[in-house]
Amino acid sequence: MTIIVPGKRRYLLCAGLIVLAACSSSNSDRTVLQNKGSDTLVNVAQAWAENYSRVKTDVAVVVSGGGSGTGIAALINGKVDIANASREMKPEEHESMKKNGLIAAVQHTVARDAIVVFVHKDNPAAQLSVQQLACVYGEGGKCSTWTDLGIEVPGCAKQEIIRISRQSNSGTYVFFRETVLGKTGDFKLGSRDMQGSKDVVDLVTHTPCAIGYSGMGYANEKLKSVCVSANDGGACVTPNAETAASGVYPIARGLYMYTIGEAEGAAKDYLDWILSPAGQAIVTQSGFIPVN
Amino acid sequence: MTARQDVNPQQATSPPDDDRKARAGSALERVIEFAIKASGFSAILFVFAIFFFVFSTASEFIFEKMDFVEFLTSPEWYPTSLSNKRYGTLALLAGTVSVTGLAMIIAVPLGLGSALFISEFTSGSVKEGLKITIELLAAIPSVVWGFIGLAVMNPLIIEVFDAPIGLNVLNGGIILGLMSVPIIVSIGEDALKAVPDSFREASLALGATRWQTARKVLFPAARSGLLAAVLLGVGRAIGETMAVLMATGHAVQIPSSPLDSVRTLTATIAAELGETAAGSDHYQALFAVGVLLFLLTFGVNLAADLIVRGRSAR
């Protein structure tokens with residue numbers, strides 16, 4: 001698209017070619033940052049890109065998902081400037097960077113994610129440990145009634161634990177499986193698998209026997225957020241922005257962006273903006289926890 | 001076919017002044033004939049194309065990766081497990097069968113009773129009004145039914161049965177039953193209407209009451225048509241997706257009571273396919289589930305068809 005079209009005609013041509021996305025590429029002084037990776041981060045990354053295009057009109061950030069592994073692989077192959085990941089880079093990924101003759105990747109923590117465990121507000125459960133959650137949710141776990149956990153829930157017939165989970169394509173589902181059930185763990189069959197976090201919250205609000213989980217953004221006062229301890233009998237941590245940001249809360253993780261070496265130029269400006277109050281406000285809006 | 005063969009020789013022997021007009025007419029007729037024939041055969045083409053697409057996408061999984069015994073007899077559906085992927089569809093099959101079964105327990109008496117009433121016990125404006133209303137029932141979109149399951153039936157079932165959760169087999173069965181009723185009514189009514197009046201007159205002349213006539217004469221005479229109506233209702237219930245996705249609670253387990261949540265074959269495909277990488281094992285496994293579903297509905301429809309055929313041959 002290097003045809004030179006004078007004056008106003010260009011806008012007409014642009015309007016005609018907009019489907020082909022030819023306009024942005026004909027604008028040669030515009031810097032394009034390629035950004036790819038985690039599906040957990042893809043919505044917030046898109047929101048960042050959109051807002052940043054208003055702050056800096058000469059930089060376009062192109063965002064795509066595909067998963068953390070896909071993003072990191074693209075970074076190693078030099079296809080993207082910034083990779084998004086909802087986990088830390090693995091040693092073998094660092095190795096293959098070295099093999100490709102690249103300098104070490106630098107990790108930028110851009111947001112944090114925490115899972116809150118909910119029960120009905122009449123449920124007297126004061127705290128649960130990660131082991132207890134694994135016993136309730138995990139394949140092979142023997143906890144099927146609230147009595148097994150030493151809890152008696154008023155209004156719950158037979159004290160049966162109604163497990164509310166998410167569908168297997170959900171990032172929250174995968175994160176919960178990794179952190180609570182372990183790297184090789186699986187969910188016990190028979191949980192009610194909801195389409196969205198909002199459905200989980202609604203169902204737990206109306207079901208005395210229920211237990212559910214979701215991202216922190218969905219917590220409200222109509223249900224009870226459980227205080228979680230990392231070990232049986234250990235001190236429990238209430239989920240909130242501070243405990244999640246500091247990493248004390250056991251079911252929390254960092255969300256990262258990776259660059260090859262220290263970020264420079266447009267990429268550095270973009271990352272600085274993401275960590276600024278304006279960028280971090282978008283993190284809060286998207287239901288994640290800001291880092292600054 | 002015989003009527004058309006009669007027309008052509010007539011046109012060929014028509015007087016010369018009408019000849020051109022007739023030839024143009026027969027050319028147009030041939031085009032129309034072809035168009036009608038093509039649209040008739042297109043259904044076959046579409047069915048085979050769809051089956052071919054579903055089966056070819058699933059074939060690599062079915063023939064190379066799938067363990068047939070596990071696929072059909074294991075309830076363990078773990079398509080996204082990191083350590084141990086398992087593709088057992090028994091629980092999903094049990095979900096589909098239990099919800100459809102309950103739906104038929106509700107829909108068959110309601111549908112056949114309604115068909116009998118409309119066909120034999122009412123006439124004039126009441127009959128027309130009922131028929132139109134039942135057709136309207138068929139026009140309600142399935143997502144609206146699902147919404148009723150979620151918003152109306154769920155709290156009602158919790159209240160009435162003291163169940164921990166109202167999204168279960170019972171909820172899905174009631175919703176699907178109501179969705180199948182219009183099909184059973186309209187086809188069942190046609191079957192009853194097709195019974196010659198002489199049967200009714202003879203029965204009444206022998207002193208039978210109207211109920212005795214219906215039970216002992218009309219139902220046996222229209223038996224195969226009524227069975228076809230029921231089987232088409234079953235086909236509708238098995239294939240339904242959106243309403244059961246919303247009303248059954250979406251839990252992979254073999255139900256032990258109507259108050260247990262289940263997940264159906266259709267709901268699994270609908271919920272998981274959108275987020276699955278194309279070409280992956282999980283993707284192909286969902287198509288294999290599609291093949292299973294296809295065979296299931298194909299079997300039901302074939303049975304319905306053979307029964308109808310049996311009736312017309314008699």
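Residues numbered from 1 in each chain as written. Chains lettered and ligands numbered in written order. Predicted model: local features only at pLDDT ≥ 70, side-chain atom pairs only at ≥ 80, totals over all residues.

(A) Structural detail: the overall build of chain B. Helix and strand counts for chain B stand at 13 helices and two strands. With respect to the principal axes defined by its C-alpha atoms, chain B has extents near 85 × 55 × 35 Å. A total of 314 residues make up chain B; the buried ones form 36% of that total. Sequence separation of at least 24 residues holds for 72% of the intrachain contacts in chain B that already meet a minimum separation of 6. (Helix = DSSP H or I, 4+ residues; strand = E, 2+ residues; numbered from the N terminus. Buried ≥ 20, exposed ≤ 12 C-beta atoms within 10 Å, placed from the backbone. Contact = placed C-beta atoms within 7 Å.)

(B) Representation of the overall build of chain A. Looking only at helices and strands, chain A has eleven helices and eleven strands in total. Expressed as lengths along the three principal axes of its C-alpha atoms, the size of chain A is roughly 80 × 45 × 35 Å. For chain A, the residues scored as buried account for 39% of the 292 residues in total. In chain A, 70% of the contacts between residues at least 6 apart in sequence involve partners at least 24 apart.

(C) Expanded view of the interface of chain B and chain A. Listed as interface residues are 23 residues of chain B and, on the opposing side, 19 residues of chain A. Split into classes, the residues belonging to the side of chain B that touches chain A amount to eleven nonpolar, eight polar and four charged. (Nonpolar A, V, L, I, M, F, W, Y, C, P; charged D, E, K, R; others polar.)

(D) Main features of the nonpolar core. With 141 residues, the main nonpolar core has Ala83, Ala114, Val117, Phe118, Val204 and Tyr258 of chain A together with Ile184 of chain B as its most contacted residues. Composition of this core by domain shows at least three residues from each of domain 1 (29-112 + 253-285) and domain 2 (114-246) of chain A. (Core = buried A, V, L, I, M, F, W, Y, C linked by C-beta atoms within 7 Å. Domains from an automatic or database assignment.)

(E) Structural detail: the pairing of strand β4 (residues 105-120) of chain A. All names here are of chain A. Two strands pair when backbone bridges link them, and β4 and strand β11 (residues 252-260) are joined in this way by nine bridges, in the antiparallel orientation. Paired with threonine 109 across the two strands is tyrosine 256, which belongs to β11. Pairing between β4 and strand β8 (residues 210-215): five bridges, direction antiparallel. Within β8, the residue paired with phenylalanine 118 across the bridge is glycine 212. (Pairing = 2+ DSSP bridges.)

(F) Up close: the confidence of the model for chain B. All names here are of chain B. Averaged over every residue, the pLDDT of chain B is 87; the share at 70 or more is 93%. In this model residues 1-12 is a low-confidence stretch, pLDDT under 50, and it forms three contacts with partners more than four residues away in sequence or in other chains. Among the scores for the predicted complex, ipTM is 0.72 and pTM is 0.74. (pLDDT = per-residue confidence, 0-100.)

(G) Structural detail: the pairing of β8 of chain A. Residue and element names in this part refer to chain A. Within β8, six of the six residues are buried, which leaves the element mostly enclosed by the surrounding structure. The pairing of strand β6 (residues 162-166) with β8 spans two bridges and is parallel. Of the residues in β8, the one forming a bridge with arginine 163 is isoleucine 211.

(H) Broad picture of the packing of helix α7 (residues 169-193) of chain B against helix α10 (residues 223-239) of chain B. Residues and elements named next belong to chain B. Here α7 crosses α10 at 155 degrees, and the two axes come no closer than 8 Å. Classified by the angle their axes make, α7 and α10 are roughly antiparallel. Helix-helix and strand crossings are classified by hand; for α7 and α10 the assignment is right-handed. Across the interface between the two elements, Leu176, Met179, Ser180, Ile183, Ile184, Ile187, Gly188, Asp190 and Ala191 of α7 pack against Gly225, Leu226, Ala228, Ala229, Val230, Leu232, Gly233, Arg236 and Ala237 of α10. When the residues that make up the contact of α7 with α10 are grouped by side-chain class, the tally is twelve nonpolar, four polar and two charged. (Axes fitted to C-alpha atoms, helices over the stretch in contact; angles between N-to-C directions. Parallel < 35°, antiparallel > 145°, perpendicular 65-115°, else oblique. Left-handed = near helix turned anticlockwise from the far one by under 90°.)

(I) Structural view of the packing of helix α5 (residues 124-139) of chain B against α7 of chain B. All names here are of chain B. Where α5 contacts α7, the axes come no closer than 8 Å and their chain directions differ by 140 degrees. The pairing of α5 with α7 is recorded here as oblique in orientation. With respect to the hand of their crossing, α5 and α7 are arranged in left-handed fashion. Residues Ile134, Glu135, Leu137 and Ala138 of α5 touch α7, and the partners they reach there are Val181, Pro182, Ile183, Val185 and Ser186. Looking at the contact of α5 with α7 residue by residue, the classes come out as seven nonpolar, one polar and one charged.

(J) Spatial organisation of the domain arrangement of chain A. Assigned domains within chain A: domain 1 (29-112 + 253-285) and domain 2 (114-246). The distance between the C-alpha centroids of domain 1 of chain A and domain 2 of chain A comes to 31 Å.

(K) Helix α6 (residues 130-137) of chain A, seen in detail. All names here are of chain A. When α6 is considered as a whole, its buried residues turn out to be Val130, Gln132, Leu133, Val136 and Tyr137. Looking straight down α6, one finds that the buried residues subtend no more than 155 degrees of arc, so they occupy a single side. Looking at the buried positions of α6, the neighbouring elements they touch are β4, β5 (127-129), β6, α7 (171-180), β8 and β10 (227-229). (Arc of directions from axis to C-beta.)

(L) Layout of the confidence of the model for chain A. Residues and elements named next belong to chain A. Looking at chain A, pLDDT values average 84 and 90% of them are 70 or higher. Across chain A, α6 holds the top mean pLDDT of 94, while helix α2 (residues 22-26) sits lowest at 43. Considering only residues more than four positions removed or in separate chains, one finds that residues 1-27, a stretch of pLDDT under 50, has eleven contacts.

(M) Structural context of the environment of alanine 74 of chain A. Residue and element names in this part refer to chain A. Summarising the element assignment, alanine 74 is placed in helix α4 (residues 68-76). Residues alanine 74 and valine 55 lie 19 residues apart in sequence; the distance between their C-alpha atoms is 27 Å. Excluding anything up to four places from it in sequence, alanine 74 contacts Lys36, Lys79, Val80 and Ala83.

(N) A look at the environment of lysine 131 of chain B. All names here are of chain B. Checked against the element boundaries, lysine 131 lands in helix α5. According to the C-beta neighbour criterion, lysine 131 is partly exposed, with 14 such atoms within 10 Å. In the structure, lysine 131 is positioned 109 residues away from glutamate 240 in sequence and 23 Å away in space, judged by C-alpha atoms.

(O) How the structure looks around unusual backbone geometry. Although it is not a glycine, glutamine 159 of chain A adopts a positive phi angle of roughly 60 degrees. Within the element layout of this structure, glutamine 159 of chain A appears in the loop between α6 and β6. The phi angle at aspartate 162 of chain B is positive, at roughly 55 degrees, despite the residue not being glycine. Here aspartate 162 of chain B is to be found in the loop between α6 (142-161) and α7.

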